[in-house]
Amino acid sequence: MTDNIAYVNGEFLPHAEACISIDDRGLVFGDAIYEVIKCYSQRPFRLRDHLERLKRGAEEIRLPLPLDEESVVRAIDELLARNVRMAESSLYVQVTRGPGSRFHAFPRVASPTIIMVLSPAAPLDPSDYEQGVRVITVPDRRWDMCNVKSVGLLIAVLAKQSALDAGAADAVFVRAGRLVEGASANFFAVSNGRLITHPEGRRILAGVTRKVVLELAAATGLGVDFRGPKVDEIGGFDEAFLTGTGTEILPVSSIDGTTVGQGGRGSITAELQRRFFDVTRTGVLHDRLAGA
Ligand SMILES: Cc1ncc(COP(=O)(O)O)c(C=O)c1O
């Protein structure tokens, strides 16, 4: 709970008063998609990419978005203006298929729900960003529409809890012997000076941070192999890291107890972090990368 102002279907309300129906299909069926957008100095980072992904997801699940892109942007601007100024904030946007009787098929008349909530971004732990974090692997039991940012996150919730229970920071899903992505982040390995990451498609979320990392890699002439790194290659990784809106670029020091590289942050990861920091915090390239 915060004292902040939230947005619900066109209205700006104090967080505690913002509510939706208990019959909302987002709650009852998980019939909803979402975005999490980081705002640096009040500016939503790569907003167009997030809204584009929201639109693609909506098309995939046949959900009519209640607002066009420009109206969403205006609502976000107003939300940012109405809230206590935060140096770094996290903007949560969720669109559901709205309220209805508990019948699986779509309601005859669509009345989608859209909510937006702004909260202070969780501070990043400097030691994790310098020394890396331990991760575990878990079997990927998710569905084959991982490209859709659905609120149906139960498997990710269980994976993350298993990681914390094991004293690790995150879990990486494994399918057919390959590292796919983290519970809420994309996964990269570094081997022989090249990045290795699972290709886009139905097995991963096409992360906005992943896209920025790929742009930074291209700008520095760093090669990328688009394939899921194999579990039996872990011992040979020079570096590994996770990417995500909240995670940013987080080095991985070990996977299932096997040390990655020298066991800390590798030089390629450090260089990508530095460039990512420039893009997000100093505004250098910010507008160009945002396509503004
Ligand atoms: C499963 C999964 N993969 C990857 C990501 C990273 O995506 P982004 O960089 O757009 O935040 C997320 C973010 O929530 C996620 O849930």
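Predicted model, so just to flag it, every value in this text is computed and none were measured.

Draft legend 1. Local environment of the overall build of the chain. Along the chain, the regular secondary structure elements total eight helices and 15 strands. Relative to the 2.2 N^0.38 estimate, which gives 19 Å for 292 residues, the radius of gyration of the chain is 19 Å and therefore close to what a compact globule would have. Based on the C-alpha atoms only, the size of the chain along its principal axes is roughly 55 × 40 × 30 Å. Looking at the 292 residues of the chain, the share that counts as buried comes to 48%. Considering only residue pairs separated by 6 or more positions, the chain has 71% of its internal contacts joining residues 24 or more positions apart. Here the chain has roughly 14,000 Å² of accessible surface; of this, 53% comes from carbon and sulfur atoms. Here the chain contributes 34 positive and 37 negative side-chain charges, whose respective centroids are spaced 4 Å apart.

Draft legend 2. Examining the pairing of strand β7 (residues 133–139) more closely. One ladder, built from three bridges, connects β7 with strand β14 (residues 248–255); its direction is parallel. Counterpart to arginine 134 in the pairing with β14 is serine 254. In this structure, β7 lies alongside strand β8 (residues 170–175), joined through five bridges in parallel fashion. For isoleucine 136, the partnering residue across the bridge sits in β8 and is alanine 171. Once the chain exits β7 it traverses helix α5 (residues 154–165) before rejoining the sheet at β8, and the crossover so formed is right-handed.

Draft legend 3. Examining a nonpolar patch on the surface more closely. On the surface, a nonpolar cluster with roughly 380 Å² of combined accessible area is contributed by Leu153, Leu154, Val157 and Leu158. In this fold, leucine 153 is placed in the loop between β7 and α5.

Draft legend 4. Region of interest: the site of the ligand. In the region of the ligand, 16 residues are neighbours, and Lys149, Glu181, Val208, Thr209 and Thr245 sit closest. Within the side chain of threonine 245, an N or O atom sits 2.6 Å from an oxygen atom of the ligand. In isolation the ligand has 380 Å² of accessible area, and contact with the protein removes 92% of it. When atoms are counted within 2 Å of each cavity's grid points, the one that captures over half of the ligand is the largest pocket. Only β9 (178–182), α6 (208–219) and β13 (239–244) provide two or more residues apiece to the shell around the ligand. Residues of the shell around the ligand, tallied by class, amount to four nonpolar, eight polar and four charged.

Draft legend 5. Just empty space enclosed by the protein, in detail. Under the definition given, this model contains one cavity of 30 Å³ or more. By volume, the largest cavity is sized at about 50 Å³. Lys38, Tyr40, Phe45, His50, Val208, Thr209, Gly244, Thr245 and Phe276 are the residues that line the largest cavity.

Draft legend 6. View of the nonpolar core. Core analysis: the largest hydrophobic core is formed by 26 residues, its most contacted members being Tyr7, Ile33, Ile76, Leu79, Leu91, Met116 and Leu118. Sorting the residues of this core by element identifies β3 (32–40), α2 (47–60), α3 (69–82), β5 (88–96) and β6 (113–120) as the ones contributing at least two each. For tyrosine 7, the residues in contact, after removing those within four places along its chain, are Phe12, Leu67, Ala75, Leu79, Ile114, Ile115 and Met116.

Draft legend 7. Inspection of unusual backbone geometry at higher detail. Phi is positive for serine 41, close to 45 degrees, though the residue is something other than glycine. Position of serine 41 among the secondary structure elements: in the loop between β3 and β4 (43–44). Here serine 41 falls in the exposed class, since its relative accessible area comes to 52%. Within the chain, glutamate 248 stands out as a residue other than glycine whose phi angle is a positive 60 degrees. Relative to the helices and strands, glutamate 248 resides in strand β14.

Rules and cut-offs
- Residues numbered from 1 in each chain as written.
- Predicted model: local features only at pLDDT ≥ 70, side-chain atom pairs only at ≥ 80, totals over all residues.
- Heavy atoms only, no water.
- Helix = DSSP H or I, 4+ residues; strand = E, 2+ residues; numbered from the N terminus.
- Rg over C-alpha atoms; globule rule 2.2 N^0.38 Å.
- Buried < 20%, exposed > 50% of the residue type's maximum accessible area, 1.4 Å probe, protein only.
- Contact = heavy atoms within 4.5 Å.
- Areas by Shrake-Rupley, 256 points an atom, 1.4 Å probe, with all protein chains shown as cover.
- Lys, Arg positive; Asp, Glu negative; His and termini not counted.
- Charge placed at Lys NZ, Arg CZ, Asp CG, Glu CD.
- Pairing = 2+ DSSP bridges.
- Right-handed = clockwise from strand over helix to strand, strands pointing away.
- Patch = residues over 30% accessible without salt bridge, like charges linked within 9 Å, V, L, I, M, F, W, Y side chains within 5 Å.
- Salt bridge = Lys/Arg side-chain N within 4 Å of Asp/Glu carboxyl O.
- Near = heavy atom within 4 Å.
- Polar contact = N/O pair within 3.5 Å; in protein donor to acceptor, adjacent residues only side chain to side chain.
- 1 Å grid on protein atoms, 1.4 Å probe; cavity = no way out; pocket = protein on both sides within 12 Å on 5 of 7 lines; lining within 4 Å.
- Sits in = over half its atoms within 2 Å of the grid points.
- Nonpolar A, V, L, I, M, F, W, Y, C, P; charged D, E, K, R; others polar.
- Points joined across faces, edges and corners; volume = space filled by probe spheres on them.
- Core = buried A, V, L, I, M, F, W, Y, C linked by side-chain atoms within 4.5 Å.

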